[in-house]
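Descriptive structure summary
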Amino acid sequence: GPEHLNSARVILEKIGVKGTFYCLTSVALKYPEIVKNLLERGHEIAYHADVHVGFKAAKPQAQEDRIKAMKDQMRRIIGDKARLVTGFRAPTESYDPTTEVLLRKHGMQHHASDPNAHEDRLPFFSKAEPQLSSEQALVVLPRTQYDDVSFRRLNFSMANVDDSLAHDLDWVEKGGAFGLLSVHTQNYVDGGLMLQAMPKYLARVAALKDRLW
């Protein structure tokens, strides 16, 4: 709920970092003041599509219509500042090369993807349009860390979650890798594993902040 989203913002600001909040725009329309407040406080607002349905294998026109719809809904929330919203993360990590082509066409600059998008734990340029220069291409940010969905699927205990988050952060620090951890609001709730794990995890992030990417 909104109260847990606010707690996520507070804990990030407490250690002096900014978060990227990927919004389902149909839901964001119901909470416009939260979106505006996050943006005003220097956090990044990005897209999680219009509704929580994947894009993979959908017809190009259907995909493009959805991208246009989410942009229109964001403009209804923050007006001209919608031009600052240039990131995207596909629902259920469901996308295909057509999605990436259309995202770039409609002004997206980065796409947070699935862990299998690249063999390395590093950002890369989308291969959907190999003819583009690095200045033009969509940047793909692979999710490099287990997330709350993974933890639920694996039936992790709190200790397992703490160990996994610490292990992944070690990879980022010692390997010079890129770290991307996603946290879903539906699992960031009272009694939820992520709500309990994040203070400890972010305390370590704060201690290593200048050495992390």
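Predicted model, so just to flag it, every value in this text is computed and none were measured. (Residues numbered from 1 in each chain as written. Predicted model: local features only at pLDDT ≥ 70, side-chain atom pairs only at ≥ 80, totals over all residues. Heavy atoms only, no water.)

As a further point, take helix H5 (residues 97-105). Note: α-helices contain 3.6 residues per turn, so residues at a spacing of three or four share the same orientation. Among the residues making up H5, those that are buried are Thr99, Glu100, Leu102 and Leu103. On an axial view of H5, the arc spanned by its buried residues comes to 170°, and they lie on one face. Exposed side chains of H5 directed beyond 90 degrees from the buried face belong to Pro97 and Lys105. Looking at the packing, one finds that the buried side of H5 touches helix H4 (60-78), strand E3 (87-89), strand E4 (110-113) and strand E6 (139-142). Its side-chain oxygen 3.1 Å from the backbone nitrogen of threonine 98, aspartate 96 forms the N-cap of H5. (Buried < 20%, exposed > 50% of the residue type's maximum accessible area, 1.4 Å probe, protein only. Helix = DSSP H or I, 4+ residues; strand = E, 2+ residues; numbered from the N terminus. Arc of directions from axis to C-beta. Contact = heavy atoms within 4.5 Å. Polar contact = N/O pair within 3.5 Å; in protein donor to acceptor, adjacent residues only side chain to side chain.)

Attention now goes to unusual backbone geometry. Keep in mind that most residues, glycine aside, have a negative phi and that most peptide bonds are trans. Of note, threonine 92 is a non-glycine position whose phi angle comes to about 55°, a positive value. Here asparagine 155, not a glycine, exhibits a phi torsion of approximately 55°, which is positive. Secondary-structure assignment places asparagine 155 in the loop between helix H6 (148-153) and helix H7 (158-175). Overall, asparagine 155 belongs to the exposed group, its relative accessible area being 68%.

This part is about the pattern of salt bridges. Inspection of every chain in the model, using the stated rule, returns 15 salt bridges. Of the charged contacts in the structure, one is a salt bridge between glutamate 13 and arginine 41, with a shortest N-O distance of 2.8 Å. Taken together, the positions of glutamate 13 in helix H1 (residues 2-14) and arginine 41 in the loop between helix H3 (32-40) and strand E2 (44-47) put the pair 28 residues apart, joining distant regions of the chain. Take glutamate 13: its relative accessible area is 23%, and that puts it in the partly exposed class. Bridged by salt links that share partners, the residues Arg89, Glu93, Arg143 and Asp147 form one connected network. (Salt bridge = Lys/Arg side-chain N within 4 Å of Asp/Glu carboxyl O.)

With that settled, the discussion passes to the packing of H4 against H5. It is at 10 Å that the axes of H4 and H5 come closest, and there the two elements cross at 40°. The orientation of H4 with respect to H5, classified from their angle, is oblique. The two elements H4 and H5 meet at a crossing, and its hand is right-handed. Contacts between H4 and H5 involve Pro60, Gln63, Glu64, Ile67 and Met70 from the first element and Thr98, Thr99, Leu102, Leu103 and Lys105 from the second. For the contact of H4 with H5, the per-class residue count stands at five nonpolar, three polar and two charged. (Axes fitted to C-alpha atoms, helices over the stretch in contact; angles between N-to-C directions. Parallel < 35°, antiparallel > 145°, perpendicular 65-115°, else oblique. Left-handed = near helix turned anticlockwise from the far one by under 90°. Nonpolar A, V, L, I, M, F, W, Y, C, P; charged D, E, K, R; others polar.)

With that settled, consider the environment of isoleucine 15. Following the sequence through the fold, isoleucine 15 ends up in the loop between H1 and strand E1 (20-23). Excluding residues within four positions of it along the chain, isoleucine 15 makes contact with Leu202, Val205, Ala206 and Lys209.

Of all hydrophobic cores here, the largest spans 42 residues; its most connected members are Val35, Ile45, Met74, Ile78, Phe88, Tyr201 and Leu202. Every element with two or more residues in this core is listed here: H1, E1, H3, E2, H4, H5, H7 and helix H8 (193-208). Among the elements that line this core, the one with the most residues is H8, at seven residues. What valine 35 contacts, discounting residues up to four positions off in sequence, is Cys23, Ala28, Ile45, Met74, Ile77 and Ile78. (Core = buried A, V, L, I, M, F, W, Y, C linked by side-chain atoms within 4.5 Å.)

This part takes up the pairing of E4. Burial along E4 is two-sided: the face carrying His110 and Ala112 and the face carrying His111 and Ser113 are both buried. Handedness of the E3-H5-E4 crossover: right-handed. As defined by bridge partners, E4 adjoins E6 across four bridges and the pair is classed as parallel. If you follow alanine 112 over to E6, its bridge partner there is leucine 141. (Right-handed = clockwise from strand over helix to strand, strands pointing away. Pairing = 2+ DSSP bridges.)

Residues Phe21 and Cys23 point to one face of E1 and are all buried, whereas Thr20 and Tyr22, pointing to the other face, are not buried. Relative to E2, E1 runs parallel, the two being bridged by four bridges. Looking across to E2, one finds that threonine 20 is bridged to glutamate 44.

We now examine the packing of aromatic side chains. In total, this model carries four aromatic pairs according to the counting rule given. Taking 5.6 Å as the distance between ring centres and 85° as the angle between the ring planes, the aromatic pair formed by phenylalanine 55 and phenylalanine 88 counts as edge-to-face. Taken as a pair, phenylalanine 55 in the loop between E2 and H4 and phenylalanine 88 in strand E3 lie far apart in primary sequence, 33 residues in all. Per residue, the accessibility class of phenylalanine 55 equals that of phenylalanine 88, and both read buried. Here phenylalanine 151 and phenylalanine 156 contribute two aromatic rings whose centre-to-centre distance is 5.5 Å and whose plane-to-plane angle is 20°, an arrangement assigned as stacked. Over the aromatic face of phenylalanine 55 sits the side chain of arginine 66, whose NZ or CZ is 4.1 Å from the ring centroid. (Phe/Tyr/Trp six-rings, centres within 6.5 Å; stacked < 30°, edge-to-face > 60°. Lys NZ or Arg CZ within 6 Å of the ring centre and 35° of its normal.)

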